[in-house]
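Here is how the chains run, residue by residue.
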Amino acid sequence: MTGSRVGSGGLIDRTKPLSFCFDGGAYSGFSGDTLASALLANGVRVMGRSFKYHRPRGVWGAWFDDPNAIFNIRLAGDEFPNCQATTTHLVDGMKARAVNAWPTARADLKGGLDYFHRWLGAGFYYKTFMWPDWRLFEPAIRRMAGLGHLDRNTVAGYVSDQLHDTCDVLVIGGGAAGLTAARACAEAGQEVVLIDDHPELGGGLYRRGLAIEGEAPEEWVASQQKAIRQAGGRVLTSTTGFGVFDHNLVGLAEHRGFSSAPRLHRMRAGRIVMATGALDRPITFANNDRPGIMSVEAATEYLGRYGVLVGRNIALVSNNSFSKPAAERLRAAGAEVTECDATRGPIRALGGKRPSCVEIGGQRYACDTILASGGLTPVVHLWRHAGGKLDWRDDLAAFVPGNPGKSMIAIGAANGSFDLEDALAEARNSARSGSVSERRGNYRITPLWPKPGSKGRQWIDFQHDVTLKDIEQAARENFVSVEHLKRYTTLGMASDQGKTSNMAGLAAMAAIQGKSIPETGTTTFRPPFVPVPLELYRGHNRGQMRNPLKRLPLEAVHRAAGAAMGEYGGWLRPGWYGDKSEEEAIRAESKMARDAAGIFDSSPLGKIEVMGPDAEAFVNFIYYNTIKTLKPGSIRYGFMLTERGIVYDDGVVSRLGPDRFVISCSSSHVDGVNALLEAWRQDGNDPDRLFVHDTTANWATITVSGPKAREMVGELGTGLDFSPESFPHMTFREAAFQGAPARIARVSFTGDASYEVAVPAAKAETLWETLIAAGGKRGAGPIGLEALSVLRAEKGYLIVGKDTDGETMPHDLGFGIPRLKKQTEFVGDRSLHGEVAKLETRRQFVGLAVTKPSGPLPVGAHVVDIREGRTVSIGIVTSSYDSACLGEPIALALIERGQARVGEYVKILHLGETRVAQVASPCFLDPAGERLNA
Amino acid sequence: MRNDNLSWDVPIERKFLELSGLTIRQIRPKRMTVISGPFASIRKSTGIDRAIGWPEAPDGEPYLLRLRRDRVLMVNGPDLADGWNAELGLAISDMTCGYAVFEIKGADAMAFLRRGAGISLRTSSASVNRLFHGLAAMIYSWNDQNHFRVHVASPMQDAFWMLARNLANAADEHVTT
């Protein structure tokens, strides 16, 4: 191909020349050019290499359908990978490099791979590299695979803006049909948004080059656009509808300049009018992948939009009636065009990196460029995203949208109305009535599909080097379903996702099997319609906003006290305090809590209120343990189970009154428990007699735990009697703290006497300071979550999710009585009596005693046994700490028949090292509960 | 466990942001109360005749935000006793500290909201509950189409604020039409 710029015409701005580089060479273009059009205008033919054989490739298309010219582009120090040359508009100073080629696309060192093509057919790597071991070859193959490369540096400010939008009618495609439909809808009073992926509206009008309704294309487009805006319609150019999702949600990617991230519009449309046009499809013939062979549509597009004539001596090979006007347009621009009937016989292209002639039915036509058109294929991807069906039309030899619904219609070429007059009539009609009209149809085509068994290497998928022989081989190996064919050969898995290859591929498979094309079917169309940067989906969902943590009312206070903050169950909480090392701080804090008292921020603990006349029965049903006998002012520990009987949460239930309970679930489970309660509430309960309020965020809770705790809470001025007789373990009192309501629960997660004091969050700081002051006099102070974890493990208190797994049932944890005795039904009841629940080999919760010199056991280590000569895992270490209070390491574990093994020695295996531990009760501290009840 | 102090911004007390066309600031209602039950009982209990949805605006204070069929958030209303009101069949919980409230004001206010929520003045909803960039939020109008209020759960107020700072800059750019 010897491309050149014609003297006039096109939409480019010839007053604005731009410089750029490609594969090291310096070139120039104009504002409005794409990289591909500028390179063609500079006479560049080879713009890429194919994926597998590294065959030289020129451009096939002029817009999103081109699979060949893919560049890494550097601009102002930033690298942008895998940019399509045909859709990337030229920016001054761009440095582009073809991907998958080195040193250049024209002289690629790996081009020699093509000589080995006989051994590199479909699925070769599945068969060739199995012996002696795939992993020997994998690194080298992976290095060769893939296109482009990622720069390690990120582009500053490359953040996708995202917004939600709505409209009555979204018209996708700003060609003649789309413009007409948008205008008609807007003038009918509907709120219209018209989008087009080009910077200019007009679609295929520029390649056609003829007047429309008496006006030149540019003038007609401008008058339509003006009318749309005057009627209140909105127009978004450089915007691609990349996917249609549930309930008419359309993803729009708005291009905002080369170095900027696109903007995502989540458009919720009342109705979608799809005017996405049609693509010229390739003809499958020998050597049809050579640079210099492109679609007829692309050639006229380069001429009409960019003022580029793609060749001087053109052979136009076609099987349809639309080629004649294209030939005339090219002739008018100065090319010699030979029109060739593609259906006359076998076709073969001759020449290397540029065609020298094309042979059809034995007759040769000299040329420097071959334009091919195998017929028009409507762009129906978005239709399929929306779940629409496709109908096969023999007269068009193409799939068209079927079963139009109320929410989405297709018009114009996208609907198979290839003639302009038909498309305009259809657009006007569809805008008014929502249905499409009958077409007259002047388009004529003689179907021309791949012929299995024909000679020469005939490309189906240009980028992935899938040839007709690969399709035949797949059929021989029984990969005949189009979905299997796709995955075995990688047909349609290139970056164009089969826009140029799918029709030929499935037609070939249909011919091999003796079926019709509609019988063979198509593969699935999925978003995105064109490649979009991952940044489009990310937007501001980055950094701390990727998974934002809940923050404590007292965070600033903890930081000021030197807390090391960390994530615990979705909250940012103090892990430990002070300047000491983590280990030293944890030991000091846990020892202080045992000797005097620890003060810790337990605000995230759930405070879910269940209220109403049916609250008692409901909570009793939700909990594994019996709650209905709980007296007001009392607290009970219990489990929530899944319907499979698995422990989902543990916590305490406080009864505030006859019809009011507070569920204090695990900090990380509040949202889940709240949702679970709401779900069960709606299952057979009277919604006016039972309500669930999650009030967790309203309250801050400070817990004081230890021998001095009673004295400290006594200084709060609540007027309560904290003596064990008046305020025993597992009871609850309502009081006031400095004029604010306070709830005080005597409940412990450490094994020592503990008081959880909850006040409205606005009072948190005052409460904290009061308790810190009270503690300071007694050798007590703040402790973090790490020390708390040690304290609870010393007492054998479990953490659900850490000391339990997805199979743990309450009787595995030593809580078997409700399973046997609870009279009323509860969630998970039935599953606790099934075969699985009764297995003798169930893993049970136990402690592990370890001798000090060997240190704590690793969490996650396996407890192993030798059975029939093999080492098998019979359990796992779930928690492990070096206890400062006990002076030795302790661990908790889930072990098969663990409760029956107490006293036995077991082997612990971790990363090849074996240790021995003694199975023990999980409660290492104060088994009689004297400290707890003190 | 690692020390993640530096991974998370220190919460700031004064949340105020002013750009051309957009002002965001935290406001502190005197009282917020969640009430669940039949609306006739809610009306009787609060003395307020209607609960607003989207895009309605309150007539003045106190006011009720409709959260769902049988639940409202009363803002700056009378002090009601927490718990179960057996006479009226209402569940009542003080949530004054449970929600952080932000005022979004200015010509770009709606553009700001549209960046986080599938929201439109043309599409009404009986409830003010929304997802704002993934955060549960109550969003409602305040007097006019350039003035809104957003309630988020207090533990997420810093996430909202961080998001607001990021989105406010984007909202300042006018969308090409």
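Fair warning: this is a prediction, and the values are worked out from it, not measured in the lab.

Asks: Quick question: what am I supposed to make of the overall build of chain A here?
Replies: The helix and strand inventory of chain A stands at 24 helices and 49 strands. In terms of overall dimensions, chain A has C-alpha extents of about 105 × 70 × 55 Å along its principal axes. The buried share of chain A, taken over its 934 residues, is 58%. Contacts in chain A between residues far apart in sequence, at least 24 positions, make up 65% of those at least 6 positions apart. In chain A, 107 side chains carry a positive charge and 104 a negative one; their mean positions are 4 Å apart.

Asks: How should unusual backbone geometry be read in this particular structure?
Replies: Glycine aside, residues mostly have negative phi angles, and peptide bonds mostly take the trans form. For the peptide bond that leads from Trp131 of chain A to Pro132 of chain A, omega is -5 degrees, which places it in the cis range. Among the secondary structure elements, Pro132 of chain A is positioned in the loop between helix H2 (124-128) and helix H3 (134-144). Although it is not a glycine, His54 of chain A sits at a positive phi angle of roughly 55 degrees. With respect to the secondary-structure elements, His54 of chain A resides in the loop between strand E4 (48-49) and strand E5 (56-57). Positive phi is not limited to glycine here, since His133 of chain B has a value of about 50 degrees.

Asks: Looking at this structure, how should I read the domain arrangement of chain A?
Replies: It is common to give the size of an interface as the accessible area that goes away when the parts come together. Residues and elements named next belong to chain A. Taken domain by domain, chain A holds domain 1 (4-108 + 282-373), domain 2 (162-280 + 377-445), domain 3 (459-520), domain 4 (555-604 + 697-783), domain 5 (608-694) and domain 6 (825-933). With centres defined by C-alpha atoms, the gap from domain 4 to domain 6 works out at 30 Å. Facing 11 residues of domain 4, the contacting portion of domain 6 comprises eight residues. Carbon and sulfur atoms make up 49% of the surface buried where domain 4 meets domain 6, a total of about 860 Å² over both sides.

Asks: Just to check I follow, could you spell out the side chain of Lys499 of chain A for this structure?
Replies: Residue and element names in this part refer to chain A. With respect to the secondary-structure elements, Lys499 resides in the loop between helix H12 (482-489) and helix H13 (502-513). Buried and unpaired, Lys499 has no salt bridge, with Asp496 as the nearest side chain of opposite charge at 6.6 Å. Ignoring any residue separated from it by four or fewer positions in sequence, one finds Lys499 in contact with Phe64, Asp65, Leu279, His381, Phe529 and Val530.

Asks: It is not clear to me how the nonpolar core should be interpreted in this structure. Could you clarify?
Replies: Soluble globular proteins tend to bury their nonpolar side chains together. Ranked by internal contacts, the top residues of the largest apolar core, which has 95 residues, are Leu35, Phe71, Leu170, Met294, Tyr302, Leu330 and Leu371 of chain A. Leu35 of chain A has contacts with Phe20, Phe71, Ile73, Ala85, Thr88, Leu90, Met94 and Ala96 of chain A, leaving out every residue within four places of it along the chain.

Asks: Explain the interface of chain B and chain A here, please?
Replies: Between chain B and chain A, the contact holds 54 residues from the first and 60 residues from the second. Buried area between chain B and chain A, both sides added, is near 4600 Å², and the carbon and sulfur share of it is 55%. Along the contact surface separating chain B from chain A lie 24 residue pairs in polar contact (both at pLDDT 80 or more). Where the side of chain B that touches chain A is concerned, the elements lending two or more residues are strand E3 (32-36), strand E7 (83-85), strand E8 (90-94), helix H2 (109-116) and helix H3 (157-171) of chain B.

Asks: Help me out: how do you make sense of the sheet that holds strand E2 (residues 13-22) of chain A in this one?
Replies: Strands in a sheet are paired, the pairing made by backbone hydrogen bonds, and the direction either parallel or antiparallel. All names here are of chain A. Strand order in this open sheet of five strands is E3-E2-E8-E6-E7, and the pairing throughout is mixed. Both edges of this open sheet fall to strand E3 (25-31) and strand E7 (78-84), since each of them pairs with a single strand only. Direction aside, neighbouring strands of the sheet carry axes that sit 35 degrees apart on average. Note: E2 against E3, seven bridges, orientation antiparallel. Each bridged residue has a counterpart across the sheet, and for Pro17 the counterpart in E3 is Phe30.

Asks: For this particular structure, what's the right way to read the sheet that holds strand E38 (residues 691-694) of chain A?
Replies: Residue and element names in this part refer to chain A. Ordered in space as E35-E36-E37-E34-E38, the five strands form an open sheet in which the pairing is antiparallel. At either margin of the open sheet sits one strand with a lone partner, and together these are strand E35 (635-641) and E38. Between one strand and the next, the sheet's axes are offset by a mean angle of 30 degrees, whatever the strand orientation. In this sheet, E38 lies alongside strand E34 (residues 608-611) in antiparallel orientation, the contact comprising four bridges. The residue bridging Met611 from the neighbouring strand is Phe691, located in E38. Its contacts with the sheet put helix H18 (residues 615-622) on E34, E35, strand E36 (647-657), strand E37 (660-664) and E38, and the angle it makes with E34 is roughly 130 degrees. Across the sheet, helix H19 (residues 670-681) lies against E34, E35, E36, E37 and E38, angled at about 170 degrees from E38, the strand it touches most.

Asks: Even after reading the chapter, I still don't get the environment of Glu756 of chain A, so can you show me in this structure?
Replies: Residue and element names in this part refer to chain A. For Glu756, the position within the fold is in strand E42 (residues 754-760). Along the sequence, Glu756 and Val704 sit 52 residues apart, while their C-alpha atoms lie 6.5 Å from each other. Once residues within four sequence positions are removed from consideration, Glu756 is found in contact with Leu605, Thr701, Ile702, Thr703, Arg743, Ile744, Ala745 and Val747.

Asks: Just to check I follow, could you spell out a nonpolar patch on the surface for this structure?
Replies: Residues and elements named next belong to chain A. On the surface, Tyr115, Phe116 and Trp119 cluster together into a nonpolar patch covering about 470 Å² of accessible area. Within the element layout of this structure, Trp119 appears in the loop between strand E8 (94-98) and H2. Taking the relative accessible area as the measure of exposure, Trp119 reaches 60% and is therefore exposed.

Asks: Help me understand the state of the cysteines in this model?
Replies: A covalent bond between the sulfur atoms of two cysteines is referred to as a disulfide. Applying the stated criterion across every chain, the model contains zero disulfides over all chains. Here Cys367 of chain A is not disulfide-linked; the sulfur of Cys357 of chain A is the nearest cysteine sulfur, at 6.5 Å.

Asks: Explanation requested: H18 of chain A in the structure shown.
Replies: In an α-helix, one full turn covers 3.6 residues, which means residues spaced three or four apart are oriented alike. Every buried residue belonging to H18 of chain A is among Ala615, Phe618, Val619, Asn620 and Ile622 of chain A, and all of these are buried. Looking at the buried side of H18 of chain A, the elements it contacts are E34, E35, E36, E37, H19 and E38 of chain A.

Asks: Just checking my understanding: could you explain the environment of Ser8 of chain A for this structure?
Replies: All names here are of chain A. Mapping Ser8 onto the fold places it in the loop between strand E1 (4-5) and E2. The exposure class assigned to Ser8 is exposed, which follows from its relative accessible area of 55%. Separated by 175 residues in sequence, Ser8 and Arg183 place their C-alpha atoms 31 Å apart.

Asks: Teacher, can you tell me more about the side chain of His151 of chain B here?
Replies: All names here are of chain B. Mapping His151 onto the fold places it in strand E12 (residues 144-153). Within the structure, His151 has its side chain in polar contact with the side chain of Tyr140 (distance 2.7 Å). Setting aside chain neighbours within four positions, we find His151 in contact with Met32, Tyr63, Leu65, Leu73, Val75, Tyr99, Ala100, Val101, Ala136, Ala137, Met138 and Tyr140.

Thresholds, definitions, all that
- Residues numbered from 1 in each chain as written.
- Chains lettered and ligands numbered in written order.
- Predicted model: local features only at pLDDT ≥ 70, side-chain atom pairs only at ≥ 80, totals over all residues.
- Heavy atoms only, no water.
- Helix = DSSP H or I, 4+ residues; strand = E, 2+ residues; numbered from the N terminus.
- Buried < 20%, exposed > 50% of the residue type's maximum accessible area, 1.4 Å probe, protein only.
- Contact = heavy atoms within 4.5 Å.
- Lys, Arg positive; Asp, Glu negative; His and termini not counted.
- Charge placed at Lys NZ, Arg CZ, Asp CG, Glu CD.
- Domains from an automatic or database assignment.
- Buried area = accessible area lost by both parts, 1.4 Å probe.
- Salt bridge = Lys/Arg side-chain N within 4 Å of Asp/Glu carboxyl O.
- Core = buried A, V, L, I, M, F, W, Y, C linked by side-chain atoms within 4.5 Å.
- Polar contact = N/O pair within 3.5 Å; in protein donor to acceptor, adjacent residues only side chain to side chain.
- Pairing = 2+ DSSP bridges.
- Axes fitted to C-alpha atoms, helices over the stretch in contact; angles between N-to-C directions.
- Patch = residues over 30% accessible without salt bridge, like charges linked within 9 Å, V, L, I, M, F, W, Y side chains within 5 Å.
- Areas by Shrake-Rupley, 256 points an atom, 1.4 Å probe, with all protein chains shown as cover.
- Disulfide = S-S within 2.5 Å.

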